[in-house]
Each structure stands twice: as structure tokens, then as C-alpha cells.
Amino acid sequence: MNSVAFTTFFCYLQVLALLWSIWQSSHLFRSSRTPVTALLYTFALISLLLSDLYWIAYIVIRPETRMPFAVNEIGEWAFFLLLAASLASVFRGGIAGAAREMVLAALFAAASAALWIGWSGEWVQDIITGIVCGYFFCIIVRALRISDILSGREWAVLGFMSFVLIILQGLTFVLPQGVRRIVDACCYVLMFAGIIAFYAKTIREWKRQAQPEALFCLCCTIFAWGESCMYMSVEPMYFAAEIAVTAVIPIMTVSLRKVVVKDDLC
């Protein structure tokens, strides 16, 4: 199966996950304590769905052709901004002592954008994506700080992994081919270790019956980390990261339901 077939297959899987999640979240408007949260979340999913549908149409019409700056990028930007708004509506207030983490998250997004530009040369697209992702990352770390779901050690590990990942990815531009392959492998180990760690953390907190708001925040974190890994990966590792991102969408929807429904019987 070639890369186009793989891409189409995973797009279809994500479309199915999004359709189910949209159906579930659309029923929360009247029964929720915070309808705005559910509304923003539903529009976020719709935006991502439209992006996927555009991508599927494009690769069917023009297979094996690199997609230029296009509608799917706008759909992804809308998804990040609306999901961030939904999360921010759950965790209200100021920065709540998260100023340092938010600055570091913004720096991570800026460094990531610089890497994307180095890889693709698409300045406008990557700069806008970096700004949007930076806002999304800042909202997430703020919510993580407010929810107090991460321990001090976990914060330190997250910061260390993010810093090392950026440094190693940057080194791939200057290292010789043989060494670059080793560094690339180390990057993938870091990226997927982060995905596994966040999934394990979410499952553990779910079993402990943690606050629904914290679970929703962890699911958003999985999506953000996984999407960042996708942007830093090539096939076939790109598809592995996409599986992780797709799998969390239904879990994120269920966690949102626990946040917004009038009772906790869900």
C-alpha cells in the first residue's frame, strides 16, 4: 500500500471518529451546564472534519501531488483555536501561576515553526500555524497548571523532553547523513515516549476518577503532543502519530461529556 493509500485510509478513520464525536457532542447543548463549552468543541470537530474531507478530495483528484497552502490548513487552524477556546471556557481566570510554562510553550511553538520552515520552506503557512499552535499550547499548559494534574517531576520531564527534542531536530540540519539517522531515531523515541506517557497518565487518572476537567485537559494534551509529533515526522512514523491523535478524539469527547453534563452518570 503506497503513501497515498495510507493517508486516505487514516483520513477515513479520523472522519469516522469525528462523525461519532460530533454526533455525541451535538447532544450536549441542551443538557449541559456549560453549553458554550460543548458548542465550541463541536465547531472545533466540524472544522477538523472539513479539513479532512478537503484533504481526501484533493488526494483523489490530484494523487501524488504536494498540496499547496490550502483550505485544509485553515480548517486545522480553526480546530486548534476552537478547541483552545473550549478548554479555556472550562478553566477560567488568569494565568494562575502558569506564566513560566506559557512562555516556554510559546517558545516551543516558535522553535517548531522554525523547524517546519527549514523542512518545507513554506514561510507564511508555517508562521501562521506556529502562532496558532503557540496559543493552543499556552492554553493547554495553563489548564494543566490550574488542574494541578501533573506533578512537579512530570512538569520537569515534559520540559526536558521538549527542549531535547527541539535541539535534536535542529541538529539534523547540520549533521552528516549517518549521524542524522541516529539523531532522527532518538527524536522518534522521545516523541512516542511522550505519546505513551500521556496515554498512560490519562488512563491512570481515569481509573482514579480524577476531575473530569483534568481528564479533558489531558486528552487535549495528547492531541497537541501527537499533532506536534506528526509535524516532525515522515512516513511511516507520521501514520503512527496520526493513529494516536485519531484514537484520542472519542476519548476526548467522552471526557468533555463528563465535564458539561448536568449529572455525572456518563
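Residues numbered from 1 in each chain as written. Predicted model: local features only at pLDDT ≥ 70, side-chain atom pairs only at ≥ 80, totals over all residues. Heavy atoms only, no water.

(A) Examining the environment of Tyr-135 more closely. Note that Tyr-135 resides in helix α5 (residues 123-147). With 55 residues separating them along the chain, Tyr-135 and Phe-80 place their C-alpha atoms 8.5 Å apart. Here Tyr-135 is in contact with Leu-81 and Ala-84, once residues within four sequence places are set aside. (Helix = DSSP H or I, 4+ residues; strand = E, 2+ residues; numbered from the N terminus. Contact = heavy atoms within 4.5 Å.)

(B) Inspection of unusual backbone geometry at higher detail. The omega angle of the peptide bond from Glu-235 to Pro-236 is 5°, so this bond is cis rather than trans. Considering the arrangement of structural elements, one finds Pro-236 in the loop between α8 (212-231) and α9 (237-260). Although it is not a glycine, Asp-148 sits at a positive phi angle of roughly 55°. Counting through the fold element by element, Asp-148 comes out in the loop between α5 and α6 (152-171). Judged by relative accessible area, which is 57%, Asp-148 ranks as exposed. A positive phi angle is found at Gln-209, which is not glycine, with a value near 55°. Tracing the chain through its elements places Gln-209 in the loop between α7 (177-207) and α8. When its relative accessible area of 71% is taken as the criterion, Gln-209 is described as exposed. (Buried < 20%, exposed > 50% of the residue type's maximum accessible area, 1.4 Å probe, protein only.)

(C) The arrangement of the side chain of Ser-25 in detail. Summarising the element assignment, Ser-25 is placed in helix α1 (residues 3-26). Residue Ser-25 is classed as buried on the basis of its relative accessible area of 0%.

(D) How the structure looks around the packing of aromatic side chains. Taken as a whole and judged by the stated rule, the model has 10 aromatic pairs. For the ring pair Phe-79 and Phe-223, a centre distance of 4.9 Å and an interplane angle of 50° mean the geometry is tilted. Of this pair, Phe-79 sits in helix α3 (residues 71-90) while Phe-223 sits in helix α8, placing them 144 residues apart in sequence. Using a relative accessible area of 1% as the deciding quantity, one classes Phe-79 as buried. Put simply, the rings of Phe-79, Phe-80, Phe-108, Phe-136, Phe-137 and Phe-223 pair up and form one aromatic cluster. (Phe/Tyr/Trp six-rings, centres within 6.5 Å; stacked < 30°, edge-to-face > 60°.)

(E) A nonpolar patch on the surface, seen in detail. Residues Trp-119, Phe-163, Ile-167, Leu-171, Phe-173 and Val-174 make up a contiguous nonpolar surface patch of about 590 Å² in total accessible area. Here the nonpolar patch gets 3 residues from one element, more than from any other, and that element is α6. Tracing the backbone through its elements, the reader meets Leu-171 in helix α6. Looking at Leu-171, the relative accessible area reads 34%, which means it is partly exposed. (Patch = residues over 30% accessible without salt bridge, like charges linked within 9 Å, V, L, I, M, F, W, Y side chains within 5 Å. Areas by Shrake-Rupley, 256 points an atom, 1.4 Å probe, with all protein chains shown as cover. Salt bridge = Lys/Arg side-chain N within 4 Å of Asp/Glu carboxyl O.)

(F) Looking closely at the environment of Arg-257. Looking at the element boundaries, Arg-257 is found in helix α9. For Arg-257 and Ser-233, which are 24 residues apart along the polypeptide, the C-alpha to C-alpha distance reads 32 Å.

(G) Inspection of helix α4 (residues 99-120) at higher detail. Along its 22 residues, α4 runs 31 Å from first to last C-alpha, staying within 8% of the 32 Å computed at 1.5 Å per residue. Every buried residue belonging to α4 is among Glu-101, Met-102, Ala-105, Phe-108, Ala-109, Ser-112, Ala-113, Leu-115, Trp-116 and Ile-117, and all of these are buried. Summarising the contacts, the buried residues of α4 are in contact with α5, α6 and α8. Positive backbone phi, approximately 75°, marks Gly-121, located one or two places after α4. (Expected span 1.5 Å × (residues − 1).)

(H) Here's a closer look at the packing of α5 against α8. Where α5 meets α8, the closest approach of the two axes is 10 Å, and the angle between their N-to-C directions is 150°. For the pair α5 and α8, the sense of crossing is left-handed. Of the residues in α8, those touching α5 at Thr-129, Cys-133, Phe-136, Phe-137, Ile-140, Ala-143, Leu-144 and Ser-147 are Ala-214, Cys-217, Leu-218, Cys-220, Thr-221, Ala-224, Ser-228 and Tyr-231. In the contact of α5 with α8, the residues fall into 12 nonpolar, 4 polar and no charged. (Axes fitted to C-alpha atoms, helices over the stretch in contact; angles between N-to-C directions. Left-handed = near helix turned anticlockwise from the far one by under 90°. Nonpolar A, V, L, I, M, F, W, Y, C, P; charged D, E, K, R; others polar.)

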